[in-house]
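Here are the chains, one letter per residue:
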Amino acid sequence: MDTRRIGDVEVGAIGLGGMPMSIEGRPDEARSLATIHAALDSGVTLIDTADAYHLHADEVGHNETLIAKALASHDRGADVLVATKGGHLRPGDGSWTLDGRPEYLKEACEASLRRLGVEAIGLYQFHRPDPRVPYADSVGALRELLDEGKIRMAGISNANPEQIRLANEILGGRLVSVQNQFSPAFRSSEPELGLCDELGIAFLPWSPLGGIAHAGELGSAYAPFARIAERHGVSPQRVCLAWMLAKSSVVVPIPGASRPETIRDSAAAPELTLSQNEFAELDAV
């Protein structure tokens, strides 16, 4: 697989989003492990997770634990950059809450370290701004975790351009990633993508295929993706990821998957070359 950079680490151009394997509708553990192993076999070396990717209140970190198990049982597991996040919580009733307090983020990081079984987290990202806490205070916790060696790289998620610039300033130019929602259905993160391109910061689109409930409908919802997919003999989803990769060299999509066949298809996207006219057609959607 072609590679891209997150900070000083080279990763496969397509990552794996772990959330579908731990929330509502999740598969059994055997299929999840097979999915992660299929990703590694396909050249994926970036896996995205979070402590909030779980279903019940008593299983915080379910996805982190699952990923740790999968990596430990695969001969390429040591080559994977695991990106996890803190600051989002799931009480267990289906809702999502926020906690951006520095003291909480430090506690969450320590718990993630234990679940992942590592001395330092490869990439730790502040999951979502908490309106009750000054953004600078939350990012300041990441700076301290960096300085203490608890995390090797720091990123932010669900951020706007102002927050990206502020975070990079607080981190002393060490912000390496921004993870925002971006897909044909959700183009409002174009300014953040452009800023990341300008600053050389990796942009990690989450739900790049439109989310768990809509990924399968991408071709029927957006005709140009279906037309170009048919022309190349590939899936509309693969075309979508190829389009994202062509937008900027800082883009590293992290499509979620819960079946081996879907991540194998996604991982083949870097092999698809779009013509200038095809890219323009897709970009105009």
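Rules used throughout
Residues numbered from 1 in each chain as written. Predicted model: local features only at pLDDT ≥ 70, side-chain atom pairs only at ≥ 80, totals over all residues. Heavy atoms only, no water. Helix = DSSP H or I, 4+ residues; strand = E, 2+ residues; numbered from the N terminus. Expected span 1.5 Å × (residues − 1). Buried < 20%, exposed > 50% of the residue type's maximum accessible area, 1.4 Å probe, protein only. Core = buried A, V, L, I, M, F, W, Y, C linked by side-chain atoms within 4.5 Å. Contact = heavy atoms within 4.5 Å. Pairing = 2+ DSSP bridges. Right-handed = clockwise from strand over helix to strand, strands pointing away. Polar contact = N/O pair within 3.5 Å; in protein donor to acceptor, adjacent residues only side chain to side chain. Phe/Tyr/Trp six-rings, centres within 6.5 Å; stacked < 30°, edge-to-face > 60°.

Novice: What is the right way to look at helix α4 (residues 135-148) in this model?
Specialist: Owing to its 3.6 residues per turn, the α-helix aligns residues three or four sequence positions apart on the same side. The terminal C-alpha atoms of α4 lie 20 Å apart, and with 14 residues this matches the ideal 20 Å at 1.5 Å per residue to within 8%. Residues of α4 that are buried: Tyr 135, Ser 138, Val 139, Gly 140, Ala 141, Leu 142, Leu 145 and Leu 146. Directly after α4, the chain includes Gly 149, whose backbone phi takes a positive value near 80°.

Novice: What am I meant to see in the nonpolar core here?
Specialist: Generally speaking, nonpolar side chains in soluble globular proteins are found buried as a group. Ranked by size, the top nonpolar core spans 71 residues in total, and within it Leu 16, Ile 36, Ile 156 and Ile 164 carry the most contacts. The element that contributes the greatest number of residues to this core is helix α9 (residues 236-247), accounting for seven residues. Ignoring any residue separated from it by four or fewer positions in sequence, one finds Ile 156 in contact with Gln 125, Phe 126, Tyr 135, Gln 163, Ile 164, Ala 167, Leu 175, Ser 177, Val 178 and Gln 179. Within the second largest apolar cluster, twelve residues are counted, among which are Val 11, Leu 46, Ala 83 and Val 176.

Novice: Help me understand the pairing of strand β9 (residues 154-157) in this model?
Specialist: Here is the key point about a regular strand: its side chains alternate between the two faces of the sheet. Burial along β9 is two-sided: the face carrying Ala 154 and Ile 156 and the face carrying Gly 155 and Ser 157 are both buried. Note: β9 against strand β10 (residues 175-179), four bridges, orientation parallel. Its bridge partner lying in β10, Ile 156 is registered against Val 178. Between the parallel pair β9 and β10, the chain is carried across by helix α5 (residues 161-170), and the sense of this crossover is right-handed.

Novice: Is there a simple way to explain the side chain of Glu 64 in this structure?
Specialist: Within the element layout of this structure, Glu 64 appears in helix α2 (residues 62-72). In this structure Glu 64 comes out as buried when scored by relative accessible area, which is 0%. In terms of polar contacts, Glu 64 uses its side chain to reach the side chain of Arg 115, at 2.6 Å. Apart from the residues lying within four places of it in its own chain, the contact partners of Glu 64 are Thr 49, Ala 50, Asp 51, Thr 84, Ser 112, Arg 115 and Leu 116.

Novice: What should I look at first to understand the sheet that holds β9 in this one?
Specialist: Here we have seven strands laid out as an open sheet, ordered β3-β4-β5-β8-β9-β10-β11, and parallel in their pairing. The open sheet terminates on both sides in strands that have one partner only, identified here as β3 (16-17) and β11 (202-203). Here two bridges tie β10 to β11, and the two strands are oriented parallel to one another. Bridge pairing links Val 178 to Phe 203 in β11.

Novice: Sorry, what's going on with α9 here?
Specialist: Between its first and last C-alpha, α9 extends 17 Å over twelve residues, near the 16 Å set by a 1.5 Å rise per residue. Counting buried positions over the twelve residues of α9 gives ten, a clear majority of the element. Among the residues of α9, Pro 236, Gln 237, Arg 238, Val 239, Cys 240, Leu 241, Ala 242, Trp 243, Met 244 and Leu 245 are the ones counted as buried.

Novice: Is there a simple way to think about unusual backbone geometry in this case?
Specialist: Note: most peptide bonds trans; most residues except glycine with negative phi. At Asn 158, a position not held by glycine, the phi torsion is positive, near 55°. Here Asn 158 shows up in the loop between β9 and α5. With a phi angle near 50°, Ser 207 is a residue other than glycine that sits in the positive phi range.

Novice: What should I look at first to understand the packing of aromatic side chains in this one?
Specialist: In this description, an aromatic ring pair is defined by two values, namely the gap between the centres and the angle between the planes. Per the counting criterion, the structure on display carries five aromatic pairs. Plain terms: the ring middles of Phe 126 and Tyr 135 are 5.8 Å apart, the flat faces sit at 45° to each other, and that makes the pair tilted. Of the two residues examined, Phe 126 and Tyr 135, each falls in the buried class. Seen in terms of ring centroids, Tyr 222 and Phe 225 are 6.4 Å apart; in terms of plane orientation they differ by 80°. Their pairing is edge-to-face.

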